[in-house]
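# Examination of the molecular architecture
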Amino acid sequence: MKTVKSILLAITVVLFVVAASAETSVSNKTEGDKTEVYYFHNTRRCPTCMAIEKETKKVLKEQPYADAKENGELVFKSYNAEDSANKKLVKKMGVTGSSLIIVKGDKTIDLTSKGFMYALKQPEKLQEAIRQALNE
């Protein structure tokens, strides 16, 4: 009788483990298929901060990114980092102000420094950096 109970318990545990791993695989695949482009800014914005967002949006209007946005595979979100409603996301992403971050599944690509370097004087370099990050 003990052996039968042990076998049934073992089978139950195995079924739970298999079901849990299958559920995790499906949810990871769904998240992994989506690319999120986050632009964080402060309430008061300098010309460079505004240019970073402008150049990012310009790239996202190009093909194939426009189609990916339309299909929901690519999402652009702009947040005020000082707004208390965004406090949780700001903390999760580890930003303190103006930031350009691309999240693809488990991978996070921070383009903030390139944004500040290139957005105003060499926007084509920022655009190329965004394209490269999106295509990785």
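The text that follows walks through the structure, step by step, so that each part is easy to find. (Residues numbered from 1 in each chain as written. Predicted model: local features only at pLDDT ≥ 70, side-chain atom pairs only at ≥ 80, totals over all residues. Heavy atoms only, no water.)

## Describing the pattern of salt bridges
By the definition in use, this model includes seven salt bridges. Among the ionic pairs, Lys57 bridges to Glu53, the shortest N-O distance being 3.5 Å. Taken together, the positions of Lys57 and Glu53, both in helix 2 (residues 47-60) and four residues apart, correspond to about one turn of that helix. When its relative accessible area of 9% is taken as the criterion, Glu53 is described as buried. Residues Glu55 and Lys58 are paired through a salt bridge, measuring 3.6 Å at the closest nitrogen-oxygen approach. Here Lys58 and Glu55 lie together in helix 2, a separation of three residues that amounts to about one turn. By relative accessible area, which is 4% here, Glu55 ends up buried. Here Lys58 falls in the partly exposed class, since its relative accessible area comes to 39%. Taken together, the shared-partner salt bridges connect Arg45, Glu53 and Lys57 into one network. (Salt bridge = Lys/Arg side-chain N within 4 Å of Asp/Glu carboxyl O. Helix = DSSP H or I, 4+ residues; strand = E, 2+ residues; numbered from the N terminus. Buried < 20%, exposed > 50% of the residue type's maximum accessible area, 1.4 Å probe, protein only.)

## Focus: unusual backbone geometry
The amide bond that connects Gln63 to the next residue, Pro64, takes the cis arrangement and shows omega of 5°. Topologically, Pro64 is positioned in the loop between helix 2 and helix 3 (65-71).

## Some thoughts on the nonpolar core
Grouped burial of nonpolar side chains is what soluble globular proteins tend to show. Membership of the largest hydrophobic core comes to 22 residues, with the highest contact counts inside it found for Val37, Leu100, Ile102, Leu111, Ile130 and Leu134. Every element with two or more residues in this core is listed here: strand 1 (35-41), helix 2, helix 3, strand 2 (74-80), strand 3 (99-104) and helix 6 (123-135). When neighbours within four sequence positions are excluded, Leu134 is seen to be in contact with Thr35, Val37, Val59, Leu60, Tyr65, Leu74, Ile102 and Lys104. (Core = buried A, V, L, I, M, F, W, Y, C linked by side-chain atoms within 4.5 Å. Contact = heavy atoms within 4.5 Å.)

## Considering the pairing of strand 1
With seven of seven residues buried, strand 1 is to be regarded as a mostly interior element. What you see with strand 1 is no split at all: Thr35, Val37, Tyr39 and His41 on one side and Glu36, Tyr38 and Phe40 on the other are buried throughout. Strand direction decides the pairing type here: strand 1 and strand 2, joined by seven bridges, are parallel. Bridge assignment links Tyr39 to a residue of strand 2, and that residue is Ser78. Across six bridges, strand 1 lies against strand 3 in antiparallel orientation. Each residue of the ladder has a partner; that of Glu36, found in strand 3, is Val103. (Pairing = 2+ DSSP bridges.)

## Observations concerning the packing of helix 2 against helix 6
Pairs of packed helices are described in terms of their axes, by the angle between the two and the distance that separates them. With their axes 9 Å apart at the nearest point, helix 2 and helix 6 run at an angle of 55° to one another. Between helix 2 and helix 6, the crossing angle belongs to the class labelled oblique. Read as a crossing pair, helix 2 and helix 6 show a hand that is right-handed. Contact residues: helix 2 offers Ile52, Glu55, Thr56, Lys58, Val59 and Leu60, while helix 6 offers Pro123, Leu126, Gln127, Ile130, Arg131 and Leu134. Tallied by class, the residues present in the contact of helix 2 with helix 6 amount to seven nonpolar, two polar and three charged. (Axes fitted to C-alpha atoms, helices over the stretch in contact; angles between N-to-C directions. Parallel < 35°, antiparallel > 145°, perpendicular 65-115°, else oblique. Left-handed = near helix turned anticlockwise from the far one by under 90°. Nonpolar A, V, L, I, M, F, W, Y, C, P; charged D, E, K, R; others polar.)

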